[in-house]
Amino acid sequence: MSKLVIVGTVAFDAIETPFGKTDKILGGAATFIGLAASQFNVDAAVVSVVGGDFPQEYLDLLSNKNIDISGVEIIKEGKTFFWSGKYHNDMNTRDTLATELNVLADFNPVVPSDYKNAEVVMLGNLHPIVQLGVLEQMETKPKLVILDTMNFWMDCALEELHNVIKKVDVITINDEEARQLTHEYSLVVAARKIHEMGPKYVVIKKGEHGALLFHDDNVFYAPALPLEEVFDPTGAGDTFAGGFAGYLAKTEDVSFENMKNAVIYGSTLASFCVEKFGTERMTDLKSNEVHQRLEQFKSLTQFDIELT
Ligand code: AMP
């Protein structure tokens, strides 16, 4: 089993959906990625930063899932990163109401020494300079580097983002962000342009419409599981990335064929994430529930057609 380093925000989120509204709750890209990856019992460490206002019980929640948090810096006099968003009625689109970087503004990440030889690095959503800083601290070349990002960083740190994109093997990005990054409407053309920027593998997440995996001229598509209830999509993209990275770290096989399975695991875990507000569903998720849903996924997508 490979070691996994995860960098990303550990945050407070305030979310509004057509079904309700929360005050500040636990969120952040690294939180969702870590919770998803913990389903695979991999040796994972989170590198991030929080302020003195961050409750110890949230940190305990991560360590209780066997996630190493020695790389989560606590700045006592600082405030934790805060994000707030409001979903439209279709639940596929949202407006960001607030992004307060707080302690993230001057963050210098430190990868714990035991993880500087990790085989898999998941560069979750935060400032591209921090993502690059983590990559530069690795003492051995990771077998796989995966990058996730969002429009916020394209708007305010595009050049730095390009510098990271150049250095990664896989990028996971949503459809609108792929279009923004490449100025192309067609996702096939967008994926080709992103390949040219560096990553050999491009995963485009399409919310309730599933995900596409591109590698050279090969494409694989996984639908999202049709769900009766979608309560809060926050963190679905990060959960997808965490499931994808966790599965690859566990199986130690980074071939295109195995990445297809990683996409299915990512989609399956994301389907749980949206069922409750914030991280709630992911914190009590049991492996038999994941197994059951994978079975559902299989029967949803399997067909036997005779081609003459
Ligand atoms: P997702 O719904 O997968 O895009 O992820 C939502 C999570 O990303 C929330 O928990 C936020 O705390 C976090 N987030 C929102 N904006 C940013 C940003 N600009 N950088 C890093 N993390 C962010």
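Up top you'll find the structure we're talking about.
Conventions we followed
- Residues numbered from 1 in each chain as written.
- Predicted model: local features only at pLDDT ≥ 70, side-chain atom pairs only at ≥ 80, totals over all residues.
- Heavy atoms only, no water.
- Helix = DSSP H or I, 4+ residues; strand = E, 2+ residues; numbered from the N terminus.
- Rg over C-alpha atoms; globule rule 2.2 N^0.38 Å.
- Buried < 20%, exposed > 50% of the residue type's maximum accessible area, 1.4 Å probe, protein only.
- Contact = heavy atoms within 4.5 Å.
- Lys, Arg positive; Asp, Glu negative; His and termini not counted.
- Charge placed at Lys NZ, Arg CZ, Asp CG, Glu CD.
- Near = heavy atom within 4 Å.
- Polar contact = N/O pair within 3.5 Å; in protein donor to acceptor, adjacent residues only side chain to side chain.
- Areas by Shrake-Rupley, 256 points an atom, 1.4 Å probe, with all protein chains shown as cover.
- Nonpolar A, V, L, I, M, F, W, Y, C, P; charged D, E, K, R; others polar.
- 1 Å grid on protein atoms, 1.4 Å probe; cavity = no way out; pocket = protein on both sides within 12 Å on 5 of 7 lines; lining within 4 Å.
- Points joined across faces, edges and corners; volume = space filled by probe spheres on them.
- Core = buried A, V, L, I, M, F, W, Y, C linked by side-chain atoms within 4.5 Å.
- Pairing = 2+ DSSP bridges.
- Axes fitted to C-alpha atoms, helices over the stretch in contact; angles between N-to-C directions.
- Parallel < 35°, antiparallel > 145°, perpendicular 65-115°, else oblique.
- Left-handed = near helix turned anticlockwise from the far one by under 90°.
- Salt bridge = Lys/Arg side-chain N within 4 Å of Asp/Glu carboxyl O.

1. Quick look at the overall build of the protein
Looking only at helices and strands, one finds 11 helices and 14 strands in the protein. What you see for the protein is a C-alpha radius of gyration of 18 Å, in line with the 19 Å of a compact globule of 308 residues. Taking the principal axes of the C-alpha coordinates as reference, the protein spans close to 70 × 45 × 40 Å. Every one of the 308 residues in the protein was classed for burial, and the buried ones make up 55%. For the protein, the share of sequence-separated contacts (at least 6 apart) that also reach a separation of at least 24 residues comes to 66%. Of the side-chain charges in the protein, 26 are positive and 45 negative, and the distance between the mean point of each set is 2 Å.

2. A closer look at the site of the ligand
Every one of the 20 residues lining the ligand counts as a neighbour, but D13, G28, R94, G235 and D238 are closest to it. Interatomic distance of 3.2 Å between a backbone N/O atom of G237 and an oxygen atom of the ligand. A distance of 2.7 Å is found between an oxygen atom of the ligand and a side-chain nitrogen or oxygen belonging to D238. Taking 510 Å² as the accessible area of the ligand by itself, protein coverage stands at 95%. When residues of the shell around the ligand are assigned to their parent elements, the largest contribution, 3 residues, is made by helix α8 (residues 236-251). Taken together, the residues of the shell around the ligand break down into 10 nonpolar, 7 polar and 3 charged.

3. Describing the side chain of R179
With respect to the element layout, R179 can be found in helix α6 (residues 175-182). Among the polar contacts made by the side chain of R179, one reaches the main-chain carbonyl oxygen of Y185 at a distance of 2.7 Å.

4. With respect to the layout of surface pockets
Each pocket or cavity is described by its volume, and for the second largest pocket that value is around 270 Å³. Q39, F40, Y265, S287 and V290 are the residues nearest the centre of the second largest pocket, which is lined by 14 residues in total. Listing elements by their share of the lining of the second largest pocket, those giving two or more residues are α8 and α11 (287-301). With 4 residues, the top contributor of residues to the lining of the second largest pocket is α11.

5. A word on the nonpolar core
Counting 60 residues, the largest nonpolar core has L4, I6 and F244 as its most contacted members. Of the residues forming this core, the biggest block, 9 residues, is contributed by helix α9 (residues 256-273). Once residues within four sequence positions are removed from consideration, I6 is found in contact with A30, I33, G34, A37, A44, A45, V46, V47 and M122. In terms of nonpolar packing, the next biggest core, distinct from the first, is built from 48 residues, V111, Y115, V134 and V168 among them.

6. Here's the deal with the environment of V202
Among the structural elements, V202 can be located in strand β12 (residues 201-205). Classification of V202 as buried rests on a relative accessible area of 0%.

7. Observations concerning the sheet that holds strand β9 (residues 120-123)
Strand order in this open sheet of 9 strands is β6-β5-β1-β9-β10-β11-β12-β13-β14, and the pairing throughout is mixed. Looking at which strands have only one partner, the edges of the open sheet turn out to be β6 (67-75) and β14 (218-222). Direction aside, the axes of adjacent strands within the sheet are offset by 15° on average. Sheet topology note: the strand β5 (residues 43-51)/β6 ladder contains 7 bridges and is parallel. Among the inter-strand pairings, V50 is bridged to a residue of β6, identified as I74.

8. Here's the deal with the packing of α8 against α9
Where α8 meets α9, the closest approach of the two axes is 7 Å, and the angle between their N-to-C directions is 140°. Looking at the two axes, α8 sits oblique to α9. The handedness of the crossing between α8 and α9 is right-handed. Across from A236, T239, F240, G243, F244, Y247, L248 and T251 in α8, the residues of α9 making contact are N258, M259, N261, A262, V263, Y265, G266, S267, L269, A270 and C273. Partitioning the contact of α8 with α9 into residue classes produces 12 nonpolar, 7 polar and no charged.

9. Quick notes on the side chain of D232
Inspection of the secondary structure assignment puts D232 in the loop between β14 and α8. Buried charge without a partner: D232 forms no salt bridge, and the closest opposite charge is R94, 6.8 Å away.

10. Focus on helix α1 (residues 29-37)
Of all 9 residues that make up α1, 9 are buried, and the element is covered over most of its length. Restricting attention to buried positions, one finds in α1 the residues A29, A30, T31, F32, I33, G34, L35, A36 and A37.

11. Observations concerning the packing of α9 against α11
As a packed pair, α9 and α11 sit with axes 10 Å apart at the nearest point and diverge in direction by 115°. Here the hand of the crossing between α9 and α11 comes out right-handed. Across from I264, Y265, S267, T268, L269, S271 and F272 in α9, the residues of α11 making contact are E289, V290, R293, L294 and F297. Tallied by class, residues from the contact of α9 with α11 come to 7 nonpolar, 3 polar and 2 charged.

Fair warning: the whole summary comes from geometry, so function is off the table for now.
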